[in-house]
Amino acid sequence: MSGRPVYVAAHAPGALPLVGHAWPLLHRPLPFLSSLPQYGDLVEIRLGRVRAHVPCHPQLLRRVLSDDRTFDKGGPLFARLRDLVGNGLGSCPYGDHRRQRRLVQPAFQRARIEDYAGVMVDEALRLAAEWRPGETVDAFPAMFGLALRTVTRTLFSSCVGEDEVARLQRFFETALAGLFRRIFVPAALQRLPLPANRRYAHALAGLHGCVDQLITGYLSAGERQYTTAAHQGPCQGEREDRGDLLSALVAAREEGSALSDGELHDQVITMLLGGAETVAAALTWALYALTCNPRVARGLHDEIDQVLAGRPPAYRDLPHLPRTSQMICETLRLYPPAWLFTRVTTRPLNLAGRYLPLGTTLVISPPALHHDPALYPRPADFLPDRFAGERPGVPPRGEFTGFGAGARRCLGDTYALAQTTLTLATLTQRWRVECAPGTDIRPQPLSAVHRPRHLLLHLAPRTPSPHH
Ligand code: HEM
């Protein structure tokens, strides 16, 4: 027998006229997407009027993600995403991608991430110190603020005030919700002066304005206004090499690699978008998982007390915090923040026996694989031990697609794992969390990132257990 699998193509049932599968996608996205593998290996769904195909077999998905020339960025999500991020690294077509990735990659080298880890811990300590015993906090906004401050400080070495973070957060939320809604709304309606369209336009203009200010401030202000790396408080650094992404991009531009002002702007907004909401969602779900799994929480607290003995974590501790890392991996499996992204075919081809004309949309959905019992036994259970064979701090292999795959795989994966692990360790070292009344973990509707509507956490202080 040949080793080549025979794939089955199918249609998802339940499409409604005009809207297709918009209702289940918006209201119960994970159960809907996780149900698709039962129908076939390549399953057709409808996003409004657009027909799209979801690869539900791991090898088929790998094939799509590893051939980024044939399956290029595109489709309804990216068409809208470009309103926000223009032609940045995450949204640019194949033809621009290799050059952009080469320019941006140096900012994510291991040595850089080691430096960034100091800022990550610094921000987590700051949040842990703000919390009060008995207080109830809304987890996602708290994690979003932390993640946005961290990505801004690490990648742009600049100080962002609380007001600016709050403004950016509001603009992002409105723009992202509008962007997602627009996938399902006909183009003619999007141009009408309706309140929702005006809010979207206002949020986009606000975001672009904020990012322009950030860049102008960075380029024009004296160097002593900036921090160069970790271990310094905000706004105190004086070194010439600012050790950040923007420095790398500006340097590349000065060497004549034709990175335009517009591209610089697009990269900044790409990093803010890619690096804040996703990380915040992962941390929020990790905290939620702790509240529901006391045994996992105990194991985590034990590990943290034993390894850190009360001191804050550092980058070098990551290999010694396997339970914490496995908890993050399992969180990303069960609650993948990037729950849907799209590709478009750049030539006609046959896939799983189905003819796909040029311009066909494919929907990539990690939950379609992450919740498949054939790949992950007891898929609905939170079992961090299933990642016990993985190396701590290194993104898991196998069927895990939470960071995508191939040439367009997440550039911030190592950054994200370091940040989520270090933040979780710092917060849970000092605080025990429980779900408070008012929690609503249904997914936030119209959100590009999968996250709960409200996770309210009741905080109780803890001291590291004495026997370690
Ligand atoms: C838990 C957190 C994160 C998750 C789940 C996540 C997920 C993803 C996924 C699934 C992709 C691929 C999208 C596609 O193939 O269309 C991606 C791409 C990307 N991510 Fe992340 N990401 C996370 C954190 C970050 C962080 C912290 C940064 C930067 C600070 C970042 C920057 C990027 C960039 C630049 C790309 C585009 C890469 C390319 O096309 O070459 N991400 N991310």
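From a predicted model like this one, the values you see are computed outputs, not experimental measurements. (Residues numbered from 1 in each chain as written. Predicted model: local features only at pLDDT ≥ 70, side-chain atom pairs only at ≥ 80, totals over all residues. Heavy atoms only, no water.)

1. Comments concerning the packing of aromatic side chains
So, step 1. Counted according to the given criterion, the structure contains nine aromatic pairs.
So, step 2. Both rings, one in Trp 131 and one in Trp 431, keep their centres 6.3 Å apart while their planes meet at 70°; by these two values the pair is edge-to-face. Taken together, the positions of Trp 131 in the loop between α6 (110–130) and β5 (136–138) and Trp 431 in strand β10 (residues 431–435) put the pair 300 residues apart, joining distant regions of the chain.
So, step 3. Residue Trp 131 is classed as buried on the basis of its relative accessible area, which comes to 5%.
So, step 4. We classify Trp 431 as buried; its relative accessible area is 6%.
So, step 5. Above the ring of Tyr 376, the side-chain terminus of Arg 333 is found at 5.3 Å from the ring centroid.
So, step 6. One residue, Arg 451, lies across the ring of Phe 140, its end atom 4.0 Å from the ring centre. (Phe/Tyr/Trp six-rings, centres within 6.5 Å; stacked < 30°, edge-to-face > 60°. Helix = DSSP H or I, 4+ residues; strand = E, 2+ residues; numbered from the N terminus. Buried < 20%, exposed > 50% of the residue type's maximum accessible area, 1.4 Å probe, protein only. Lys NZ or Arg CZ within 6 Å of the ring centre and 35° of its normal.)

2. Structural notes on unusual backbone geometry
One can expect most non-glycine residues to show negative phi and most peptide bonds to be in trans.
So, step 1. One non-glycine residue with positive phi stands out, namely Ala 352, at about 50°.
So, step 2. Relative to the helices and strands, Ala 352 is located in the loop between β7 (349–351) and β8 (354–356).

3. A short note on the UniProt feature "binding site: heme" (unreviewed entry) in the protein
So, step 1. Per the UniProt entry, the sites bearing "binding site: heme" (unreviewed entry) are Cys 410 in this numbering.
So, step 2. Tracing the backbone shows Cys 410 in the loop between α15 (366–370) and α16 (413–430).
So, step 3. Looking at Cys 410, the relative accessible area reads 30%, which means it is partly exposed.
So, step 4. The residues touching Cys 410, leaving out its near neighbours within four places in the chain, are Arg 101 and Phe 403. (UniProt positions renumbered as here; feature names shortened; annotations may be inferred. Contact = heavy atoms within 4.5 Å.)

4. Focus: the pattern of salt bridges
So, step 1. In total, this model carries 16 salt bridges according to the counting rule given.
So, step 2. In this structure, Arg 98 engages Asp 68 in a salt bridge whose closest nitrogen and oxygen atoms are separated by 2.8 Å. A residue pair is termed long-range when its members are at least 10 positions apart, and Arg 98 in helix α5 (residues 94–104) and Asp 68 in the loop between α3 (58–66) and β4 (71–73) qualify at 30 residues.
So, step 3. A residue is classified by how much of its surface remains accessible, and Arg 98, at 39% relative accessible area, is partly exposed.
So, step 4. Residue Asp 68 is classed as buried on the basis of its relative accessible area, which comes to 5%. (Salt bridge = Lys/Arg side-chain N within 4 Å of Asp/Glu carboxyl O.)

5. Some points on empty space enclosed by the protein
Space left empty within the atom packing is revealed by a probe, the size of a water molecule, rolled over the atoms.
So, step 1. Here the structure, examined in full by the defined rule, presents three cavities of 30 Å³ or more.
So, step 2. Taken as a whole, the largest cavity spans an internal volume of roughly 1000 Å³.
So, step 3. Contributing to the lining of the largest cavity are 43 residues, with Leu 273, Gly 274, Thr 278, Ala 338 and Cys 410 lying nearest its centre.
So, step 4. Among the elements that line the lining of the largest cavity, the one with the most residues is helix α12 (residues 261–292), at nine residues.
So, step 5. Partitioned by chemical class, the residues of the lining of the largest cavity number 26 nonpolar, 11 polar and six charged. (1 Å grid on protein atoms, 1.4 Å probe; cavity = no way out; pocket = protein on both sides within 12 Å on 5 of 7 lines; lining within 4 Å. Points joined across faces, edges and corners; volume = space filled by probe spheres on them. Nonpolar A, V, L, I, M, F, W, Y, C, P; charged D, E, K, R; others polar.)

6. Some details on a nonpolar patch on the surface
So, step 1. Together, Leu 16, Leu 18 and Val 19 give the surface a local cluster of nonpolar side chains, amounting to about 270 Å² of exposed area.
So, step 2. Structurally, Val 19 can be placed in the loop between β1 (9–11) and α1 (22–27). (Patch = residues over 30% accessible without salt bridge, like charges linked within 9 Å, V, L, I, M, F, W, Y side chains within 5 Å. Areas by Shrake-Rupley, 256 points an atom, 1.4 Å probe, with all protein chains shown as cover.)

7. Focus on the site of the ligand
So, step 1. Around the ligand sit 29 residues, and of these Lys 73, His 97, Arg 101, Arg 343 and Cys 410 come closest.
So, step 2. Interatomic distance of 2.6 Å between a side-chain N/O atom of His 97 and an oxygen atom of the ligand.
So, step 3. For the ligand, an oxygen atom lies 2.7 Å from a polar atom in the side chain of Arg 101.
So, step 4. Using a 2 Å cut-off from the grid points, one finds that the ligand occupies the largest cavity. (Near = heavy atom within 4 Å. Polar contact = N/O pair within 3.5 Å; in protein donor to acceptor, adjacent residues only side chain to side chain. Sits in = over half its atoms within 2 Å of the grid points.)

8. Overview of α16
So, step 1. With 18 residues, α16 ought to run about 26 Å at 1.5 Å a step, and its terminal C-alpha atoms sit 26 Å apart, in line with that.
So, step 2. Along α16, 16 of the 18 residues are buried, which leaves the element largely enclosed by surrounding structure. (Expected span 1.5 Å × (residues − 1).)

9. Regarding the packing of helix α7 (residues 139–156) against α12
So, step 1. It is the contact of α7 with α12, at a shortest axis distance of 8 Å, that shows an interaxial angle of 140°. On the basis of the axis angle, α7 is oblique to α12. Here the hand of the crossing between α7 and α12 comes out right-handed. Contacts between α7 and α12 involve Ala 139, Phe 140, Met 143, Phe 144, Leu 146, Ala 147, Leu 148, Val 151, Thr 152, Leu 155 and Phe 156 on the former and, on the latter, Val 268, Met 271, Leu 272, Gly 275, Ala 276, Glu 277, Val 279, Ala 280, Ala 281, Leu 283, Thr 284 and Leu 287.
So, step 2. Of the residues belonging to the contact of α7 with α12, the class tally is 19 nonpolar, three polar and one charged. (Axes fitted to C-alpha atoms, helices over the stretch in contact; angles between N-to-C directions. Parallel < 35°, antiparallel > 145°, perpendicular 65-115°, else oblique. Left-handed = near helix turned anticlockwise from the far one by under 90°.)

10. Re the environment of Leu 383
So, step 1. In this fold, Leu 383 is placed in the loop between α15 and α16.
So, step 2. Using a relative accessible area of 24% as the deciding quantity, one classes Leu 383 as partly exposed.
So, step 3. Distance in space between the C-alpha atoms of Leu 383 and Met 327 is 8.0 Å, their sequence separation being 56 residues.
So, step 4. Excluding residues within four positions of it along the chain, Leu 383 makes contact with Glu 330 and Arg 378.

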